[in-house]
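Results of the structural survey
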Amino acid sequence: MSEYIKISQLASLMGISTHQIRYFEDKGIFNPTFIAENGYRMYGINDIYELIHILFLRELDISVKNISLLKKTDMKANYLSVLTEKKDEIETNINKLIDLKKSIEKTMKTLEEIKENNENLRFTQLDEIKYKVLNSYNHSHSLNALDILQMNKEYSNYNLLNIIQIYDETKYYVCFEDELNFDYVASRGTYIYKIENVESYQEAEKKITQFFKLLNRKSIDTEGPLLIQDLHQASMTSSRSMSIKIMMKVKNEKS
């Protein structure tokens, strides 16, 4: 019987506790090859392979109850469908984690920009960005909580914490980046910007006026619409309610 191992040896081999092995036994999904006269549970190589698969399924967050059902039915017929379902679930979670990682990186970049920001204007190179227009308002209208709620009802697939406002002569447009379903394209080029901390949209209007005065004073020619990005990621780092990034494209890409 030297080819068999005891429960403590199996637990050590698998990096788990003997309690977990006994738990699987109590639930009827794993049993020793035999129990020796001295009461020791003894396990062979097939038991090792079986336990590997059970731990693999548990790692996939498949419940002990469902593992038991798989073992009681035709496991080969159902195993592939279970793995396919879990693979799809993992891919969905991976995509969510990728999006979360991008959000973290974007937040870190925003915080670094705010940390380095001073009274001087700054320049950045932007690639072409495509935007979906969620709604438009007159310049006299201040975006409020009800506006956000109404847009969320219609565009629940968008993260409204990442919106940007595009201003023309008569209106401003609340937009979200969307490479496939877009209404407006911000052209590639050099953009001049300034980050401001404000307590309200009324104060933001004053900062925008100051931004244009600063452009005139420095004789910087710009073209296209005014872009206002709400930097909600930085809201927790300031005693004020929000930070905004005021941007315009530099004419003829000269900085």
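So, the overall build of the protein
Broken down by element type, the protein carries seven helices and eleven strands. Taken over C-alpha atoms, the radius of gyration comes to 30 Å for the protein, far larger than the 18 Å a tight globule of 255 residues would show. Along the three orthogonal principal directions, the C-alpha set of the protein runs to about 95 × 35 × 35 Å. Out of the 255 residues belonging to the protein, those deemed buried represent 37%. Put simply, of all contacts in the protein between residues at least 6 apart along the chain, 67% involve residues at least 24 apart. Carbon and sulfur atoms form 50% of the exposed surface of the protein, whose accessible area is close to 16,200 Å².

Section: the side chain of Lys249
With respect to the helices and strands, the residue Lys249 is situated in strand β11 (residues 242–250). One polar contact links the side chain of Lys249 to the main-chain carbonyl oxygen of Arg188, over a distance of 3.4 Å. The residues touching Lys249, leaving out its near neighbours within four places in the chain, are Ser187, Arg188, Gly189, Thr190, Tyr191, Asp221, Thr222 and Glu223.

Re the pairing of strand β5 (residues 129–138)
Bridge count for β5 against strand β8 (residues 184–186) is three bridges, and the pairing is antiparallel. Residue pairing across strands places Lys130 opposite Val185, the latter belonging to β8. Note: β5 against strand β7 (residues 171–177), seven bridges, orientation antiparallel. Opposite Tyr131, over in β7, you have Glu177 as the bridge partner.

Observations concerning the nonpolar core
The biggest cluster of nonpolar side chains holds 29 residues, and the ones touching the most others in it are Leu134, Leu143, Phe211 and Leu226. Those elements that place two or more of their residues in this core are β5, β7, β9 (189–198), α7 (201–217), β10 (222–230) and β11. Among the elements that line this core, the one with the most residues is α7, at six residues. Not counting residues up to four positions away in its chain, the partners in contact with Leu226 are Gln165, Ile166, Tyr167, Ile208, Phe211, Phe212, Ile246, Met247 and Met248. By size, the runner-up hydrophobic cluster in this structure holds 22 residues, among which are Ala11, Ile21, Phe30 and Ile48.

Thoughts on the packing of helix α1 (residues 7–14) against helix α2 (residues 18–26)
At a minimum axis distance of 8 Å, the contact between α1 and α2 shows a crossing angle of 105°. Classed by the angle they form, the pair α1 and α2 counts as roughly perpendicular. On α2, the residues touching Ile7, Ser8, Leu10 and Ala11 of α1 are Thr18, Ile21 and Arg22. Tallied by class, residues from the contact of α1 with α2 come to four nonpolar, two polar and one charged.

The rules we used
- Residues numbered from 1 in each chain as written.
- Predicted model: local features only at pLDDT ≥ 70, side-chain atom pairs only at ≥ 80, totals over all residues.
- Heavy atoms only, no water.
- Helix = DSSP H or I, 4+ residues; strand = E, 2+ residues; numbered from the N terminus.
- Rg over C-alpha atoms; globule rule 2.2 N^0.38 Å.
- Buried < 20%, exposed > 50% of the residue type's maximum accessible area, 1.4 Å probe, protein only.
- Contact = heavy atoms within 4.5 Å.
- Areas by Shrake-Rupley, 256 points an atom, 1.4 Å probe, with all protein chains shown as cover.
- Polar contact = N/O pair within 3.5 Å; in protein donor to acceptor, adjacent residues only side chain to side chain.
- Pairing = 2+ DSSP bridges.
- Core = buried A, V, L, I, M, F, W, Y, C linked by side-chain atoms within 4.5 Å.
- Axes fitted to C-alpha atoms, helices over the stretch in contact; angles between N-to-C directions.
- Parallel < 35°, antiparallel > 145°, perpendicular 65-115°, else oblique.
- Nonpolar A, V, L, I, M, F, W, Y, C, P; charged D, E, K, R; others polar.

These results come straight from atomic positions and should not be treated as a statement about function.
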